[in-house]
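# Architecture and fold: a report
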Amino acid sequence: MKRLTRSNDKLVAGVISGISNYVNPELDPVFLRLAFAWITFFNPYLILVYFGMALILPKEPVSYPQQ
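Computed from a prediction, not measured in an experiment: that's the story for all the values here.

### What about the overall build of the chain?
- Looking only at helices and strands, the chain features 3 helices and 0 strands.
- Element order for the chain, N to C, with α for helix and β for strand: α-α-α.
- Its C-alpha atoms give the chain principal-axis dimensions of about 50 × 25 × 25 Å.
- For the chain, with 67 residues in total, the buried portion stands at 22%.

What follows is the structure, encoded as structure tokens:
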């Protein structure tokens, strides 16, 4: 079962990267980051939503490579 988490591949808090992994793991998070930045330009309250999600979403578990 898929679960929405904050990603370890992050620029600020990993929320957009986590959403990108949840929606489509092959999708580059840069596209969603650019879309979020463009939408936030017109609706600055989304910054509060972003940081709210950063507080609520759990972190992605760290997986170490097998030896």
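Next comes the rest of the account.
### A closer look at the packing of aromatic side chains
- Taken as a whole and assessed by the stated rule, the structure comprises 4 aromatic pairs.
- Taken together, a centroid distance of 5.3 Å and an interplanar angle of 80° make the contact between Trp38 and Phe42 edge-to-face. Note that Trp38 and Phe42 are positioned in helix 2 (residues 29-42) at a spacing of 4 residues, about one turn of the helix.
- Plain terms: the ring middles of Tyr50 and Phe51 are 5.4 Å apart, the flat faces sit at 90° to each other, and that makes the pair edge-to-face.
- What makes Tyr50 buried here is its relative accessible area of 10%.
- Following the ring pairs from residue to residue traces out a cluster consisting of Phe36, Tyr50 and Phe51.

### Considering the packing of helix 1 (residues 15-23) against helix 3 (residues 46-56)
- One can describe the packing of helix 1 onto helix 3 by two numbers: an axis separation of 10 Å at closest approach and a directional angle of 75°. Put simply, helix 1 runs roughly perpendicular to helix 3. Of helix 3, the residues touching helix 1 (which contributes Val15, Ile16 and Ile19) are Tyr50, Met53 and Ala54.

### Some details on the environment of Tyr64
- Note on placement: Tyr64 falls in the segment after helix 3.
- A relative accessible area of 67% means that Tyr64 is categorised as exposed.
- Residues Tyr64 and Leu11 lie 53 residues apart in sequence; the distance between their C-alpha atoms is 21 Å.

Thresholds applied
- Residues numbered from 1 in each chain as written.
- Predicted model: local features only at pLDDT ≥ 70, side-chain atom pairs only at ≥ 80, totals over all residues.
- Heavy atoms only, no water.
- Helix = DSSP H or I, 4+ residues; strand = E, 2+ residues; numbered from the N terminus.
- Buried < 20%, exposed > 50% of the residue type's maximum accessible area, 1.4 Å probe, protein only.
- Phe/Tyr/Trp six-rings, centres within 6.5 Å; stacked < 30°, edge-to-face > 60°.
- Axes fitted to C-alpha atoms, helices over the stretch in contact; angles between N-to-C directions.
- Parallel < 35°, antiparallel > 145°, perpendicular 65-115°, else oblique.
- Contact = heavy atoms within 4.5 Å.

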